[in-house]
Amino acid sequence: MVHIKIKNLGLKFSLEKTKRSTIKELLISPKKRFDNTFWALRNFNMDLKQGDVVGITGPNGAGKSTLLRTIAGIYSHDEGTIDVKGKVSLLSINAGFEQELSGIENIFIVGTLNGLTESRIRKLVPRIIEFSELGDFIYQPVRMYSSGMAARLGFAIAIHINSDIILIDEVMAVGDKEFKAKCKKVLDDFIISKKKIIIIVSHEVEYLSKLCNKSIEIK
Amino acid sequence: MYNIFRELHKYRHYISHETRAILKVRHKRTFFGYLWWMLDPLIFMLIYYILVVVIMQRGDNDYLVFVFLALLPWRWFTSSVNEGVVSIKNRSKLIKQIYFPKVVLPIISIASNTVSFIIAFGLLILLLLILTITGFKIGLAVLFLPFIIIVQLLFTIGITIILSHLNVFYADVENLVKYLLRIWFFLSPGIYSITMIPDKYLPIFRLNPFTLLFESYRDSVIRNIIPNLSGLLILGIISIILIGIGLNLVHKNQGIYAKVL
């Protein structure tokens, strides 16, 4: 059963300590490293189960992206517990692209970077290409792509990874109107299937309230 | 430890695809394309041939082979370490976008350089086989080469993983490494023979892993004798311990990398 259970989560960036320091700084002022901790998130609680679609709102710098990255396992936390069950993917357009290689080759690189096996990706390739609407451009190096094309390929790969938990950080502004509609439809299908947990961070409160069955505000 | 290996196993496909990507990109947009795979080591060896035989008049091919048997493994080691040490730091953007075991990054650097080394070393052995017509002898001791190469590979992996971890926090590491590697080479019997070292320094000199490795390559290819197997075994065990330390360091700290970089 897919779930996310977060209790009293706290995550700090100790501004001096975690800043990459040079040995010189270390020798001159060794104590300075332990000053200035900044809590990006503190005492945060959340309990989500399969089928939940959650909108997260809050001002800039409130820790929305930090929360998503912590759930995705990118950041380690400093307080509390976080229990995530299920395969997580943070939808990030064009993460891991090799600019000099073709779209096809990049499907394999990004797919394996997400922990998929080669044979699984091979099966997905036709669907990804179709969804991305890149046509013959799929054989061109990614550096030739417009930013919209690269984003379309990234999104197409991301939604085919088939994760249990999908984290979306304001990436819906991708491609033209038709492609946006297509993305929204995929998302709607995910939501209707009730098999996944979806967390969306966005400033568009109205858009979130239409999609989500839960909403959380981080202050 | 079991979890680390299970995760590495899961990401083996990424390691192989990214390694291939790096190798492909390296000579992309060049006129000769994949020919550079051969040209690169051949030009490298040709330069030394001109330097040693033509300019310095050291004359004999034997000395040249003697030098190549150290230079090629050394080039493999330094390019792996130099690329590996920055591998985590330089991919900060990726690290913040997606979760994956960070230790794959230094491993990919080593893997791509290992492929280049195998090609270069293969070419050298091929040249030596051609030289057998002129009387150069290759014996059965060459069969020890894979063992020597594996020990060096393990040593490289251990060192590189630990350094790539340290470099995330102290960017000085990558600079220091460049200079230390240069000094290290001159302290190793790469372009000179171990017989030139005074006896009283020999015990210290033999503590250098590259004294052992260079001599082992020469034992098996030139001298046709069994290399120092117990020495290699000890180095292999030390290397495996270093790899264990490195894997643990990266595994424990990788959640901090994204915060620091």
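Residues numbered from 1 in each chain as written. Chains lettered and ligands numbered in written order. Predicted model: local features only at pLDDT ≥ 70, side-chain atom pairs only at ≥ 80, totals over all residues. Heavy atoms only, no water.

Undergrad: How do you make sense of the confidence of the model for chain A when you look at a structure like this?
TA: For residues with low pLDDT, the predicted coordinates do not support detailed interpretation. Mean pLDDT over chain A: 84, with 88% of residues reaching 70 or higher. By mean pLDDT, helix H1 (residues 23–28) of chain A is the weakest element of chain A at 68, and helix H3 (residues 103–113) of chain A is the strongest at 94. (pLDDT = per-residue confidence, 0-100. Helix = DSSP H or I, 4+ residues; strand = E, 2+ residues; numbered from the N terminus.)

Undergrad: Help me understand the packing of aromatic side chains, please; the structure alone is not making it clear to me.
TA: Residues and elements named next belong to chain A. One pass over the full model with this rule turns up 26 aromatic pairs over all chains. Ring geometry for Phe-13 and Tyr-75: centres 5.4 Å apart, planes at 85°, overall edge-to-face. Of the two residues, Phe-13 sits in strand S1 (residues 3–14) while Tyr-75 sits in the loop between helix H2 (64–71) and strand S4 (79–85), which places them 62 residues apart along the sequence. By relative accessible area, Phe-13 is classed as buried at 14%. (Phe/Tyr/Trp six-rings, centres within 6.5 Å; stacked < 30°, edge-to-face > 60°. Buried < 20%, exposed > 50% of the residue type's maximum accessible area, 1.4 Å probe, protein only.)

Undergrad: What am I meant to see in the packing of helix H4 (residues 61–85) of chain B against helix H8 (residues 172–186) of chain B here?
TA: Axes are the key here: two packed helices are described by the angle between their axes and the distance separating the axes. Residue and element names in this part refer to chain B. Between H4 and H8, the least distance of the axes is 10 Å, while the angle of their chain directions is 170°. It follows that H4 is roughly antiparallel to H8 by the angle criterion. Here H4 contributes Leu-71, Trp-74, Phe-77, Thr-78, Val-81, Asn-82 and Val-85 to the contact with H8, which in turn contributes Val-173, Glu-174, Val-177, Lys-178, Leu-181, Trp-184 and Phe-185. Tallied by class, residues from the contact of H4 with H8 come to 10 nonpolar, two polar and two charged. (Axes fitted to C-alpha atoms, helices over the stretch in contact; angles between N-to-C directions. Parallel < 35°, antiparallel > 145°, perpendicular 65-115°, else oblique. Contact = heavy atoms within 4.5 Å. Nonpolar A, V, L, I, M, F, W, Y, C, P; charged D, E, K, R; others polar.)

Undergrad: How should the side chain of His-13 of chain B be read in this particular structure?
TA: Tracing the backbone shows His-13 of chain B in helix H2 (residues 12–26). In terms of polar contacts, His-13 of chain B uses its side chain to reach the side chain of Arg-12 of chain B, at 3.5 Å. When sequence neighbours within four positions are dropped, the list of residues in contact with His-13 of chain B reads Thr-112, Leu-116, Thr-117 and Glu-118 of chain A. (Polar contact = N/O pair within 3.5 Å; in protein donor to acceptor, adjacent residues only side chain to side chain.)

Undergrad: I tried to follow the nonpolar core on my own but got confused; where do I start?
TA: As a rule of thumb, soluble globular proteins bury nonpolar side chains together. Ranked by internal contacts, the top residues of the largest apolar core, which has 110 residues, are Met-46, Leu-67 and Ile-199 of chain A together with Phe-121 and Tyr-217 of chain B. The leading source of residues in this core is H4 of chain B, at 15 residues. Shared between two domains, this core holds at least three residues of each, these being domain 1 (3–28 + 37–86) and domain 2 (90–211) of chain A. Apart from residues lying up to four places away in sequence, Leu-67 of chain A is in contact with Ile-6, Leu-9, Leu-41, Phe-44, Met-46, Ile-56 and Ile-218 of chain A. Core analysis: the next-biggest nonpolar cluster, separate from the first, contains 42 residues, Phe-97, Leu-124, Met-149 and Ile-200 of chain A among them. (Core = buried A, V, L, I, M, F, W, Y, C linked by side-chain atoms within 4.5 Å. Domains from an automatic or database assignment.)

Undergrad: What is the right way to look at the pattern of salt bridges in this model?
TA: Two side chains that carry opposite charge are able to pair once their charged atoms sit near each other. A full pass over the atoms with the stated rule returns 17 salt bridges over all chains. As a salt-bridge pair, Glu-98 of chain A and Arg-91 of chain B come within 4.0 Å of each other at their nearest N and O atoms. Of this pair, Glu-98 of chain A sits in the loop between strand S5 (88–91) and H3 while Arg-91 of chain B sits in the loop between H4 and helix H5 (92–97), on two different chains. Looking at Arg-91 of chain B, the relative accessible area reads 24%, which means it is partly exposed. Two residues, Asp-189 of chain A and Lys-185 of chain A, come together in a salt bridge whose shortest N-O distance is 3.0 Å. Note that Asp-189 of chain A and Lys-185 of chain A are positioned in helix H6 (residues 177–193) at a spacing of four residues, about one turn of the helix. Note on Lys-185 of chain A: relative accessible area 52%, which makes it exposed. (Salt bridge = Lys/Arg side-chain N within 4 Å of Asp/Glu carboxyl O.)

Undergrad: How should the sheet that holds strand S6 (residues 165–169) of chain A be read in this particular structure?
TA: Backbone hydrogen bonds hold the strands of a sheet together, and the pairing may be parallel or antiparallel. All names here are of chain A. Taken in spatial order, the five strands line up as S5-S6-S7-S3-S8 in an open sheet, and their pairing is parallel. Edge positions in the sheet fall to S5 and strand S8 (214–217), since each has one partner strand and no second. For this sheet, the mean angle separating the axes of adjacent strands, direction not counted, is 20°. As paired strands, S5 and S6 are joined by four bridges and run parallel to one another. Bridge pairing in S6 places Val-88 opposite Ile-165. On top of the sheet, H2 reaches strand S3 (53–57), S5, S6 and strand S7 (197–201); it is set at about 155° to S6, its chief contact. Lying on the sheet, H6 is in contact with S3, S6 and S7; it crosses S7 at an angle near 135°. (Pairing = 2+ DSSP bridges.)

Undergrad: Explanation requested: unusual backbone geometry in the structure shown.
TA: Phi is mostly negative for residues that are not glycine, and the peptide bonds are mostly trans. Within the chain, Asn-43 of chain A stands out as a residue other than glycine whose phi angle is a positive 50°. Summarising the element assignment, Asn-43 of chain A is placed in strand S2 (residues 37–49). Not every positive phi belongs to a glycine, and Asn-224 of chain B is a case in point at roughly 50°. Note on placement: Asn-224 of chain B falls in the loop between helix H10 (209–223) and helix H11 (229–260). The class for Asn-224 of chain B is partly exposed, based on a relative accessible area of 39%.

Undergrad: Any chance you could explain the interface of chain A and chain B here in plain terms?
TA: Often, the extent of an interface is quoted as the loss of accessible area on bringing the components together. Opposite the 38 residues of chain A that make contact, chain B presents 35 residues. Roughly 3200 Å² is buried in total at the junction of chain A and chain B, and carbon and sulfur atoms are behind 55% of that figure. Summed over the shared surface of chain A and chain B, the result is four salt bridges. With its nearest N and O atoms 2.3 Å apart, the salt bridge here joins Glu-105 of chain A to Lys-24 of chain B. The tally of links from chain A across to chain B stands at eight residue pairs in polar contact (both at pLDDT 80 or more). Those elements giving two or more residues to the side of chain A that touches chain B turn out to be S1, H1 and H3 of chain A. Sort the elements by how many residues they give to the side of chain A that touches chain B and H3 of chain A lands first, with five residues. Taken together, the residues that form the side of chain A that touches chain B break down as 15 nonpolar, 12 polar and 11 charged. (Buried area = accessible area lost by both parts, 1.4 Å probe.)

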